[in-house]
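Inside the fold
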Amino acid sequence: MNKTTDIAALAKDVQAGNRRALARAITLVESGRADHRQDALALLDALGTDKQALRIGLSGTPGVGKSTFIESFGLMLTGMGKRVAVLAVDPSSARSGGSILGDKTRMDHLARDPKAFIRPSPSQTQLGGVARRTREAVALCEAAGFDVVLIETVGVGQSETVVAQMSDLFVLLLAPAGGDELQGVKRGIMEMADLILVNKADGDLKAQATRTCADYAGALRLLRKRPQDPEGFPKALTISALEANGLQAAWDEMDTLTIWRRDHGTWDATREAQASYWFGEDVRNGLLALLQDDPQTAQLMQTAQAAVAAGQIAPAAAAANVLQPLRDRLKTRADV
């Protein structure tokens, strides 16, 4: 069996909803090998973009209950007959590059649901709270016929806003807190959120969660209105992932917002803008790879890096020196 047949067969299995095939396909797009990259691009091309799922980006600080929320929310959706894919990104070690990838154990019940698919991936030190190829993994899940794709970010801070560039709805999960909590939520991520869910609204924390939700609702009203929102959005709601309270109300709000955006053209416009954003990112990453693959440039970079580390030259100046020969070569070709 030749490689072309292998890719065609894999694409057919993914489109048939085969979970093992989907897992293999995601492994392929996440691979850093050059030959695997070519196969991944061929696979994505074979699958096309005919199917669309509702992409929900989910962010929140560690310990806020993201995994508990995803399991409860996912089980509710599968109970409604929907197929749900979860792409969970775990932080990678800056020293070893390894990740725990423990999301399947934290979502034990959802992992066993035949209508659900959970895929943990390492962030590989990628900024933005998502792995570099998460966007392509989302496309694979859509091709496999999933209705909802939940993208759980690392949950480490301001860089989490990148997930908004690959999702239709961006949900920010927060815990009840007092005093300075609003100071801890930066304006950037607040402006990206379509829905703020204050989790753990149960037991002794219920009253605190209600007050915190009111604080966030007030803060959202101070933000400039966005063209992609109907009246009243973005919103803040209280939920209890542990007791599964408020999840239906949260889904109803997501559904309302999705329908409005589809009817008013902002859904397609947002996806077009996201595609343009990722095109630019891929070009930038490709250019950096080309620089590193060029022996002359690679040597210049190594020498400049040593000089920067020794304090002999400023980083910006060293970078300019490395890029200057490339500028000269491009100018020479343009003049010919």
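Residues numbered from 1 in each chain as written. Predicted model: local features only at pLDDT ≥ 70, side-chain atom pairs only at ≥ 80, totals over all residues. Heavy atoms only, no water.

Let us now look at helix H4 (residues 66–79). Since there are 3.6 residues in each turn of an α-helix, residues three or four apart along the chain are aligned in direction. Under the 1.5 Å per step criterion, the end-to-end length of H4 is 20 Å for 14 residues, consistent within 8% with the ideal 20 Å. Most of H4 sits out of view: 11 of its 14 residues are buried. Regarding H4, the residues found buried are Lys66, Ser67, Phe69, Ile70, Glu71, Ser72, Phe73, Gly74, Met76, Leu77 and Thr78. Phi turns positive one or two residues past the end of H4, at Gly81, with a value near 95 degrees. (Helix = DSSP H or I, 4+ residues; strand = E, 2+ residues; numbered from the N terminus. Expected span 1.5 Å × (residues − 1). Buried < 20%, exposed > 50% of the residue type's maximum accessible area, 1.4 Å probe, protein only.)

Our next topic: unusual backbone geometry. Here the bond from Phe233 into Pro234 is cis, since omega is 0 degrees, no more than 30 degrees from zero. Structurally, Pro234 is set in the loop between helix H10 (206–222) and strand S7 (235–238). Unusually for a residue other than glycine, Lys200 sits at a positive phi of about 65 degrees. One can find Lys200 in the loop between strand S6 (195–198) and H10.

According to the stated counting rule, one finds 4 aromatic pairs in the structure shown. Measuring from centroid to centroid gives 5.1 Å for Phe69 and Phe73, while their planes differ by 15 degrees, and the two rings are stacked. Of the two residues, Phe69 and Phe73 are both situated in helix H4; the distance of 4 residues between them amounts to about one turn of the helix. A relative accessible area of 0% means that Phe73 is categorised as buried. (Phe/Tyr/Trp six-rings, centres within 6.5 Å; stacked < 30°, edge-to-face > 60°.)

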